[in-house]
Amino acid sequence: MTTIPHWINGSTALSADTAPVFNPATGQEQARVVLGGAADVDTAVSAAANAFETWSESSLTQRTQVMFAFRQLLVDHEEELARIISAEHGKTVDDARGEIVRGREVVEFACGLGDVLKGSFSDQVSRGVDVHNFRQPLGVVAGITPFNFPAMVPLWMHPIAIATGNTFILKPSERDPSAANFVAELYQRAGLPDGVFNVVHGGKPAVDAILAHPGIEAVSFVGSTPIAKYVHETATAHHKRVQALGGAKNHAVVLPDADLEFAANHITAGAYGSAGERCMAVSVAVAVGDAADRLVEILERKAREVKVGPGDKPGTDMGPLVTKAAQERVENAVSTAQVQGATVVVDGRGLKVEGHEEGFFTGPSLLDHVTTAMDAYQEELFGPVLAIVRVESLGEAIDLINANPYGNGTALFTASGEAARRFQRHIHVGMIGINVPVPVPMAYYSFGGWKDSLIGDNPIHGPEGIRFYTRPKVVTTRWPQPTRHTAAGFNFPTSN
């Protein structure tokens, strides 16, 4: 049985405690991952702090060269990394390739930080006085990341943190930990000095140690809203900067003027891709007026066409859920929706995949006539369940979404520019798609929702990521002529 170790200061390290890592497609344990605690976090912080002394003084050219080399290694080893992700998460290899590509875009953004980090200069703000500003790294920073994107979500964090001169400690999910170690090895091969990037595996003890450690300046987190609130409250109480991205309940609104085949095709992919285990998954389709019956008919057909199977089998559209507990939770949610009055149009419960009967599979489920009072609407199911809510107007759809406690992503399918403009201006959601079901922004924009989807006010990657991992300095300078003396005033200084 393989044991997945920590990666600290450029080499592997073990802990006494371990936990199982499963192959979701077979239901079988395939490895053990070490579970670290306060001592392991302290060791990683010491290594990162020592590395910061030299890495923070490295040139932008050196950092850029490492990022370019790291980016190329991600390209060269994309297939290997995708299969590692698929084997532990369950998503299809194609889907895993997609998350690597989207994560790599942040590396590409980090390759250009030399331009982004340029400060400004103001000449002669007063007689013989100039002002300029620049940004410096924080120190040791950490990321706590979820199981659903074991490569992409950490890549939202560490490339920008490292390129701006910080050192980084990653605490990945213990459900699919191998991608983090693989990335650490690629960084080493890219020329990143030991101690700049470290991986500590573990559960809550490791998380709590990170949140409380006085040597960590900032923490980035992506996960459920309750844990995001806990991370934000705990880390800020220990005087850290915090990025805390929480859960979601993403709505896709379909107007009667939309191309319903197009809308249904993209909503199906947005709802069932990655088995619905995405914070940007479409979990609610809001059918407006006359669009409803026809939309449900097409969505039913497309849901039944989704090919469910092991992630490494060619032609598979959707793999298993990550754990047995996740499978049971999702199937129980469908049962509860049925009891509460929803119409189960497509029932994914009880699916068995030939040759993988013990895998954590559940098929796509489609629920119609869902109301806002039902659990299927109120809860983030994080599985392949699409709920259909019927409304009479775009205004009613906007009010429905704005009343929801989450505000991560939303989409509108329409042929009307006026409707699209009204929707994007009045919706209380951070990321909006117009005829785009999963509106994850490009790396040079920042990712983050509103309301309970973002705790605090620090989105991730893009310009906000640079601001998060650096702090500004403003320098006012005067170089007086040796032969000319200027009297100092006791009044508050002005620019006269």
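First, a word on what this report is: a plain description of the structure on this page. (Residues numbered from 1 in each chain as written. Predicted model: local features only at pLDDT ≥ 70, side-chain atom pairs only at ≥ 80, totals over all residues. Heavy atoms only, no water.)

What follows covers the overall build of the chain. Scanning the chain from N- to C-terminus turns up 16 helices and 23 strands. Rg of the C-alpha trace for the chain: 25 Å, near the compact-globule value of 23 Å for 496 residues, within the 12% margin. Taken over the C-alpha atoms alone, the chain extends approximately 90 × 60 × 40 Å along its principal axes. Considering only residue pairs separated by 6 or more positions, the chain has 72% of its internal contacts joining residues 24 or more positions apart. Of the roughly 20,900 Å² of accessible surface on the chain, 51% is carried by carbon and sulfur atoms. Taken together, the 40 basic and 54 acidic charged side chains of the chain have centroids lying 6 Å from each other. (Helix = DSSP H or I, 4+ residues; strand = E, 2+ residues; numbered from the N terminus. Rg over C-alpha atoms; globule rule 2.2 N^0.38 Å. Contact = heavy atoms within 4.5 Å. Areas by Shrake-Rupley, 256 points an atom, 1.4 Å probe, with all protein chains shown as cover. Lys, Arg positive; Asp, Glu negative; His and termini not counted. Charge placed at Lys NZ, Arg CZ, Asp CG, Glu CD.)

Moving on, we come to helix α6 (residues 152-163). Over its 12 residues, α6 runs 17 Å from end to end, which matches the ideal 16 Å to within 8%, given 1.5 Å per residue. Of all 12 residues that make up α6, 12 are buried, and the element is covered over most of its length. Three or more residues of α6 are buried, namely Met152, Val153, Pro154, Leu155, Trp156, Met157, His158, Pro159, Ile160, Ala161, Ile162 and Ala163. Following α6 by one or two positions, Gly165 has its phi on the positive side, about 105°. (Expected span 1.5 Å × (residues − 1). Buried < 20%, exposed > 50% of the residue type's maximum accessible area, 1.4 Å probe, protein only.)

Time to look at a nonpolar patch on the surface. On the surface, a nonpolar cluster with roughly 350 Å² of combined accessible area is contributed by Met442, Tyr444 and Tyr445. As for its placement among the helices and strands, Tyr444 is situated in the loop between β20 (431-434) and β21 (450-451). (Patch = residues over 30% accessible without salt bridge, like charges linked within 9 Å, V, L, I, M, F, W, Y side chains within 5 Å. Salt bridge = Lys/Arg side-chain N within 4 Å of Asp/Glu carboxyl O.)

It is worth spelling out the sheet that holds strand β1 (residues 2-4) at this point. Judged by pairing direction, the sheet is mixed, and its three strands sit side by side in the order β1-β5-β4 without closing on themselves. Edge strands, defined here as strands with exactly one partner in the open sheet, are β1 and β4 (18-23). Strand-to-strand, the axes of this sheet are offset by a mean angle of 40°, without reference to chain direction. Judged from the six bridges that link them, β4 and strand β5 (residues 28-34) form a sheet pairing that is antiparallel. Bridge assignment links Thr18 to a residue of β5, and that residue is Val34. Packing of helix α3 (residues 78-89) onto the sheet brings it into contact with β1, β4 and β5, and relative to β4 it is tilted by some 100°. (Pairing = 2+ DSSP bridges. Axes fitted to C-alpha atoms, helices over the stretch in contact; angles between N-to-C directions.)

By definition, the strands of a sheet pair up through backbone hydrogen bonds, in either a parallel or an antiparallel sense. If you walk across this open sheet you meet the three strands as β6-β7-β23, and the pairing is antiparallel. The strands lining the two open edges of the sheet, one partner per strand, are β6 (121-126) and β23 (470-478). For this sheet the average axis-to-axis angle between neighbouring strands, irrespective of direction, equals 30°. Both strand β7 (residues 129-137) and β23 contribute to a ladder of nine bridges, which runs antiparallel. By the bridge assignment, Asp130 is partnered in β23 with Thr477.

Function-wise, these values are silent; they only describe arrangement.
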